[in-house]
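# Examination of the molecular architecture
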Amino acid sequence: MPGREAKWAFFDEAVEILEKNGYIRIGFDHFAKASDDLVQALQSRSLHWNSLGYRSGCCVDMIGLGSGSLSRLTPDYYAQNIYDLEAYERSVWQGRFPVARGCWLNADDKIRRDVIHSLRCHLSIDMQSFEKKYDIDFSFYFKDELTRLKPCQADGLADISGSLLTITELGRRFTSHICGLFDAFIGKET
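Anyway, here's the lowdown on the structure attached to this text. (Residues numbered from 1 in each chain as written. Predicted model: local features only at pLDDT ≥ 70, side-chain atom pairs only at ≥ 80, totals over all residues. Heavy atoms only, no water.)

Attention now moves to the sheet that holds strand E6 (residues 77–81). Strand order in the open sheet formed by three strands is E5-E6-E7, with antiparallel pairing between adjacent strands. Looking at the sheet topology across the chains shown, the edges are occupied by strand E5 (70–73) and strand E7 (99–104). Each strand of the sheet is rotated relative to its neighbour by a mean of 20 degrees, with strand direction disregarded. Of the strand pairs in this sheet, E5 and E6 are connected by four bridges, and their pairing is antiparallel. Counterpart to Ser71 in the pairing with E6 is Ala79. (Pairing = 2+ DSSP bridges. Helix = DSSP H or I, 4+ residues; strand = E, 2+ residues; numbered from the N terminus. Axes fitted to C-alpha atoms, helices over the stretch in contact; angles between N-to-C directions.)

Moving on to the side chain of Arg112. Following the sequence through the fold, Arg112 ends up in helix H4 (residues 107–122). Classification of Arg112 by relative accessible area gives buried; the value is 12%. Among the polar contacts listed, one links the side chain of Arg112 to the backbone oxygen of Phe182, at a separation of 2.8 Å. Excluding its chain neighbours within four sequence positions, the residues that come into contact with Arg112 are Phe142, Glu145, Phe182, Asp183 and Ala184. (Buried < 20%, exposed > 50% of the residue type's maximum accessible area, 1.4 Å probe, protein only. Polar contact = N/O pair within 3.5 Å; in protein donor to acceptor, adjacent residues only side chain to side chain. Contact = heavy atoms within 4.5 Å.)

This paragraph deals with the packing of H4 against helix H5 (residues 127–134). Contact pair H4 / H5: the axes reach a minimum separation of 12 Å and the direction vectors enclose 150 degrees. With respect to H5, the axis of H4 lies roughly antiparallel. Like other packed secondary-structure pairs, H4 and H5 cross with a definite hand, here right-handed. For the pair H4 and H5, the contacting residues are Lys110, Ile111, Asp114, Val115 and Ser118 in the first and Phe130, Lys133 and Tyr134 in the second. Partitioning the contact of H4 with H5 into residue classes produces four nonpolar, one polar and three charged. (Parallel < 35°, antiparallel > 145°, perpendicular 65-115°, else oblique. Left-handed = near helix turned anticlockwise from the far one by under 90°. Nonpolar A, V, L, I, M, F, W, Y, C, P; charged D, E, K, R; others polar.)

In this structure the tally under the stated criterion is eight salt bridges. Ionic pairing is found between Glu16 and Lys20, a salt bridge with its closest N-O pair at 3.1 Å. One end of the pair, Glu16, and the other, Lys20, are both in helix H1 (residues 4–20), four residues apart, so they sit about a helical turn from each other. Judged by its relative accessible area of 44%, Glu16 is partly exposed. You can call Lys20 exposed: its relative accessible area is 66%. Residue Asp76 pairs with Lys110 through a salt bridge whose shortest N-O separation is 2.5 Å. Of this pair, Asp76 sits in the loop between E5 and E6 while Lys110 sits in helix H4, placing them 34 residues apart in sequence. Residue classification places Asp76 among the partly exposed residues on the basis of a relative accessible area of 25%. Among the charged side chains, a network of salt bridges with common partners joins Arg25, Glu169 and Arg172. (Salt bridge = Lys/Arg side-chain N within 4 Å of Asp/Glu carboxyl O.)

Shown next, in the form of C-alpha cells:
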C-alpha cells in the first residue's frame, strides 16, 4: 500500500487530470462535468451535502437500508441502524425498525448543521447571514470555534475577511477538520 505522501501525490495528479479534462471540483473530492446538475447547483448555491455525498436538491426524508446506515426523518431527527448484521436481520424479520440510536436535533444542532453544510458545499459561510437567520451574534456564539480556527488561518487553510469565512484552496484538504471545529460532537461519545 502506498504511504500518505504517495496517496496525496496520486490525488493531486487525479485532480489535475480531471480539471484538465473539463471536470469541476465540488467540495474536496467530488468532480462533475460543467453541464452536470451538481455544477449548476454549486454555482447557484443550491448544492446540498449529506453522508452519501453531494446532490443538486435537498433531501429531507431519507430512510437508510442495511446495517449501520443512516436515516433522516424531517429536518429534526436522525437515526442509525444496528451495526451487527445478525441483529439487524433479526430486527427486520421481527417487523421492528432496526434502529440502534437516534437523535432529535435542538436549535444548536440545527445552527451547527447549517454552518457545516455551508462549509462543505460552498467552502465558505457568510457569518452575517447566519446572524440574521438565527438571531445570534456569530462571533460570540462560536467564540471557542473561532479561537480553534486561528491555527488554520495562520497556516493559510482558512480566511476570515469581513463577515466571510472561507476555506482556502490549500485548506480544501482539511475541510473535514475545519468543519469538525464547529461540530459539538467531535471527540465526544454519542
